[in-house]
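The primary structure of each chain is shown beneath.
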There are 2 protein chains.
Amino acid sequence: MVNVALDAMGGDNAPGEIIKGAVDALNKSSEIKVYLCGNEEAMKECLETAGSYPHDRLELIPCTEMIEMSEPPVNAIRKKKDSSIVRGMQLVKDGTCDAFLSAGNSGAILVGGQTIVGRIKGVERAPLAPLIPTAKGASLLIDCGANVDARPTQLLQFAKMGSIYMENVVGVKNPKVGIVNIGAEEEKGNMLVKETFPLLKNCPDINFVGSVEARDIPNGDVDVIVCEAFVGNVILKFYEGTGKMLLSAIKETMMASFTTKIGALLIKGKLKETLKRFDASEYGGAPLLGLNGLVVKTHGSSKAKEVTTTLLQCVSFKEANINQKISSKINI
Amino acid sequence: MVNVALDAMGGDNAPGEIIKGAVDALNKSSEIKVYLCGNEEAMKECLETAGSYPHDRLELIPCTEMIEMSEPPVNAIRKKKDSSIVRGMQLVKDGTCDAFLSAGNSGAILVGGQTIVGRIKGVERAPLAPLIPTAKGASLLIDCGANVDARPTQLLQFAKMGSIYMENVVGVKNPKVGIVNIGAEEEKGNMLVKETFPLLKNCPDINFVGSVEARDIPNGDVDVIVCEAFVGNVILKFYEGTGKMLLSAIKETMMASFTTKIGALLIKGKLKETLKRFDASEYGGAPLLGLNGLVVKTHGSSKAKEVTTTLLQCVSFKEANINQKISSKINI
């Protein structure tokens, strides 16, 4: 059985969609037990309309506090001991749960992951590693977290952890690892990249293919994209912003005249299919790797489907023994 | 008269399109004189079919060497003294020309700009500052060059130089300046951003509006986007890659079936208009700011039109006394 603590209060569509996602996951997999953390009354109310589910595999963890989306994270984690995020993470910390999942305050999840759940011995930093859609499927962008100014040895650990995750959870055999750089040649880059490059090149545990220029990331030639968190965050957010902007420009174009509206009708179905490929929420949540347990952040805008997908991801994560694998590759 | 040294040999479409662009610019503006640098025979041959032009405002500078697109830049600049890039930059250095323009080897242009043309007294680094298309028009992304790991004082200079360029060449009154960051709050960011933020905030010469998250860059809310060169390069290249990938996915969608092909026909004209807004080449070349003269890099894929646009930009640059303005704002 995989025990997952689920933050019922986090995200734009909480608690309704979160709980709906939990119920769907429970009905899809008999391997999962959900510990639903949040306001008792709100959770009970949602469960009444969420359809049937196996009652023995859903436990309510009533919490009296809630961390808001915009709250300063360090303070929130320290002070709100009875919030759904802190309580849920405690369940991982004390071994009751294998994983914690939230669509809430990213900063609080990152801070709580490091301070409450804690890192695997030997892991210097726990990177946030979302899957980003590419022309060929999806690549793991590691690190997009809050801990900027990483050191070369930390980037090497990201590469190892990312490879293990891609191979065992996403199912990419011998995943190609690249480091984000401003040119393809080994001598290019900033100090961090120049110092990290030989470490990656000489690491026998990964399939390092060299530098990856930002222009080639959307092609999906590389499965694990290693970078420092500031750069990763910029790539992730810029991708989101560019996609949204181009999409709205195309929509505007299609609505421009009677003729284009007819054209749009003819293309619509196929276009939806295409755009679905680039919908980040199709790929589930982003794991915070290297912790004593699994912490996963899903999009703030998560709906039931993303919550279900991510809950099932937690099962694969545990079944594949990711953390044991990470521990053995980090501590050689 | 504005004298521009033009590299006839640089870029994928050289020398034909470069020379065509020069001839068009000469016919459009009587304020410009072009010094065409390159292989004499090739240049003469292209000029024969390029149409009529004012012969007194086009001078040939025959060069026996050429720097290839992929050549290591430092070595190329040092050794190929009779290349079109080195000769053209020398013309700026010795005062014959006001500006140098090339679609060739970016690295060589950046290196040559700093070592041959040289920086304005007081300028610590010469940033490369392309205009990137946004929902509202275009924003200046400064720095996208090759000098990574910048210091806070250098980023402050980029902000000042970028503001002067946007206001006087692009014509944006009181341009809004933002610094690329991973959150909107002042305490967010890496060490470089945290140290630079107060310098920008307290600078009376710029209209600083705070941090800009990467997801908001495509909206065009900020006119001058300040960042360190590694981050700028990643943004620029990733924009290019994402645009290309999404476009090809949309094209594929439109060609998927008979129905979608008909739909595509109805939308095509309007879609072309929309996409033109996001075509970086519409905005001309990227200046290397802070040099004793102007150096401009146009896209490697430049056609005649971009060369013409950029040559006319050189006129605005000189007429607006950009370098005197930079010098007076940097050396306070």
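An account of the accompanying structure is given in this report. (Residues numbered from 1 in each chain as written. Chains lettered and ligands numbered in written order. Predicted model: local features only at pLDDT ≥ 70, side-chain atom pairs only at ≥ 80, totals over all residues. Heavy atoms only, no water.)

### Some words on the packing of aromatic side chains
Residues and elements named next belong to chain A.
Consideration 1: Following the criterion strictly, the structure yields 7 aromatic pairs over all chains and no others.
Consideration 2: Between Tyr-165 and Phe-317, the aromatic rings sit 6.1 Å apart at their centres with planes inclined by 50°, giving tilted as the arrangement. Here Phe-317 lies in helix α10 (residues 304-319) and Tyr-165 lies in helix α6 (residues 152-170), a separation of 152 residues in the sequence.
Consideration 3: Since its relative accessible area comes to 3%, Tyr-165 is described here as buried.
Consideration 4: You can call Phe-317 buried: its relative accessible area is 6%.
Consideration 5: Summarising the aromatic geometry, the rings of Phe-197 and Phe-208 are spaced 5.2 Å apart at their centres and angled 75° between planes, so their arrangement reads as edge-to-face. Remark: Phe-208 occurs in strand β8 (residues 207-213) and Phe-197 occurs in helix α7 (residues 191-201); sequence separation between them is 11 residues. (Phe/Tyr/Trp six-rings, centres within 6.5 Å; stacked < 30°, edge-to-face > 60°. Helix = DSSP H or I, 4+ residues; strand = E, 2+ residues; numbered from the N terminus. Buried < 20%, exposed > 50% of the residue type's maximum accessible area, 1.4 Å probe, protein only.)

### Comments concerning the relation of the copies chain B and chain A
Consideration 1: Superposing chain B onto chain A requires a rotation of 180° together with a translation of 0.0 Å along the rotation axis, leaving an RMSD of 0.0 Å. Each copy turns onto its partner about a two-fold axis. Proximity to the rotation axis, assessed at the C-alpha, singles out Gly-263 of chain B in chain B; its C-alpha lies 1.9 Å from the axis. (Least-squares fit on C-alpha atoms with pLDDT ≥ 70 in both.)

### Comments concerning the interface of chain B and chain A
Consideration 1: On the side of chain A, 47 residues touch chain B, which itself brings 48 residues to the contact.
Consideration 2: Of the roughly 4500 Å² buried at the junction of chain B and chain A (both faces included), carbon and sulfur atoms supply 79%.
Consideration 3: When the area that chain B buries against chain A is broken down by residue, the three leading residues are Ile-182, Phe-230 and Phe-238 of chain B, summing to 17%.
Consideration 4: Between the two partners, chain B and chain A, sit 4 salt bridges.
Consideration 5: In this structure, Glu-213 of chain A and Lys-237 of chain B form a salt bridge, with 3.0 Å as the shortest nitrogen-oxygen distance. (Contact = heavy atoms within 4.5 Å. Buried area = accessible area lost by both parts, 1.4 Å probe. Salt bridge = Lys/Arg side-chain N within 4 Å of Asp/Glu carboxyl O.)

### A closer look at the pattern of salt bridges
Residue and element names in this part refer to chain A.
Consideration 1: By the definition in use, this model includes 26 salt bridges over all chains.
Consideration 2: Residue Arg-151 is joined to Glu-124 by a salt bridge in which the shortest nitrogen-to-oxygen separation is 3.1 Å. With Arg-151 in the loop between β6 (137-142) and α6 and Glu-124 in the loop between α5 (106-117) and β5 (131-134), the pair connects residues that are 27 residues apart, well separated along the chain.
Consideration 3: The partly exposed category is assigned to Glu-124, whose relative accessible area is 29%.
Consideration 4: In this structure, Glu-273 and Lys-270 form a salt bridge, with 3.2 Å as the shortest nitrogen-oxygen distance.

### Let's talk about the sheet that holds strand β6 (residues 137-142) of chain B
Hydrogen bonds between backbone groups are what pair the strands of a sheet, and the pairing can be parallel or antiparallel.
All names here are of chain B.
Consideration 1: If you trace the 5 strands from one edge of the open sheet to the other, you get β5-β6-β9-β7-β8, paired in mixed fashion. Looking at the sheet topology across the chains shown, the edges are occupied by β5 (131-134) and β8 (207-213). Between one strand and the next, the sheet's axes are offset by a mean angle of 30°, whatever the strand orientation.
Consideration 2: Pairing between β5 and β6: 4 bridges, direction antiparallel. The residue bridging Ile-132 from the neighbouring strand is Ser-139, located in β6.
Consideration 3: Lying over the sheet, helix α8 (residues 229-254) contacts β5, β6 and β7 (176-181), oriented at roughly 50° with respect to β5. (Pairing = 2+ DSSP bridges. Axes fitted to C-alpha atoms, helices over the stretch in contact; angles between N-to-C directions.)

### Digging into the environment of Asp-149 of chain A
Consideration 1: Here Asp-149 of chain A is to be found in the loop between β6 and α6.
Consideration 2: Separated by 79 residues in sequence, Asp-149 of chain A and Glu-228 of chain A place their C-alpha atoms 6.7 Å apart.
Consideration 3: Setting aside anything within four residues of it in sequence, one finds Asp-149 of chain A in contact with Arg-125 and Glu-228 of chain A together with Asn-190 and Met-191 of chain B.
Consideration 4: In terms of polar contacts, Asp-149 of chain A uses its side chain to reach the backbone amide nitrogen of Met-191 of chain B, at 2.9 Å. (Polar contact = N/O pair within 3.5 Å; in protein donor to acceptor, adjacent residues only side chain to side chain.)

### Focus on helix α8 (residues 229-254) of chain A
Consideration 1: For α8 of chain A, built from 26 residues, the straight-helix expectation of 38 Å at 1.5 Å per residue is met to within 8% by its first-to-last C-alpha distance of 37 Å.
Consideration 2: Structurally, the start of α8 of chain A carries an N-cap: the backbone nitrogen of Phe-230 of chain A is 3.1 Å from a side-chain oxygen of Glu-228 of chain A. (Expected span 1.5 Å × (residues − 1).)

### With respect to the pairing of β7 of chain B
Residues and elements named next belong to chain B.
Consideration 1: Counting buried positions along β7 yields 5 of 6 residues, so the element is predominantly enclosed.
Consideration 2: Here β7 pairs with β8 via 6 bridges, running parallel. When the sheet's bridge partners are listed, Val-180 is paired in β8 with Val-212.
Consideration 3: For the segment spanning β7, helix α7 (residues 191-201) and β8, crossover handedness is right-handed.
Consideration 4: One ladder, built from 3 bridges, connects β7 with strand β9 (residues 224-226); its direction is parallel. Opposite Gly-178, over in β9, you have Ile-225 as the bridge partner. (Right-handed = clockwise from strand over helix to strand, strands pointing away.)

### Re the nonpolar core
In a soluble, globular protein the nonpolar side chains are often hidden away together inside.
Consideration 1: Counting 172 residues, the largest nonpolar core has Leu-311 of chain A together with Leu-311 of chain B as the members making the most contacts within it.
Consideration 2: Other than its neighbours up to four places away in sequence, Leu-311 of chain B contacts Val-4, Leu-6, Gly-21, Ala-22, Ala-25, Ile-32, Val-34 and Leu-101 of chain B. (Core = buried A, V, L, I, M, F, W, Y, C linked by side-chain atoms within 4.5 Å.)

### Thoughts on the packing of α8 of chain A against α8 of chain B
Consideration 1: Between α8 of chain A and α8 of chain B, the shortest axis-to-axis distance is 10 Å and the interhelical angle comes to 40°. By the angle class used here, α8 of chain A and α8 of chain B are oblique. Between α8 of chain A and α8 of chain B lies a crossing of right-handed hand. Counted together, Phe-230, Val-231, Val-234, Ile-235, Phe-238, Tyr-239, Thr-242, Gly-243, Met-245, Leu-246 and Ile-250 of chain A of α8 of chain A and Phe-230, Val-231, Val-234, Ile-235, Phe-238, Tyr-239, Thr-242, Gly-243, Met-245, Leu-246 and Ile-250 of chain B of α8 of chain B form the full contact between these two elements.
Consideration 2: The class makeup of the residues in the contact of α8 of chain A with α8 of chain B is 18 nonpolar, 4 polar and no charged. (Parallel < 35°, antiparallel > 145°, perpendicular 65-115°, else oblique. Left-handed = near helix turned anticlockwise from the far one by under 90°. Nonpolar A, V, L, I, M, F, W, Y, C, P; charged D, E, K, R; others polar.)

### Side note on the sheet that holds strand β7 (residues 176-181) of chain A
Residue and element names in this part refer to chain A.
Consideration 1: Judged by pairing direction, the sheet is mixed, and its 5 strands sit side by side in the order β5-β6-β9-β7-β8 without closing on themselves. The open sheet terminates on both sides in strands that have one partner only, identified here as β5 and β8. Within the sheet, the average angular offset between the axes of one strand and its neighbour, ignoring direction, is 30°.
Consideration 2: The sheet strands contacting α6 are β5, β6, β7 and β9 (224-226), and the helix crosses β6 at an angle near 150°.
Consideration 3: α7 rests against β7 and β8 of the sheet, and its axis sits at about 170° to β7.

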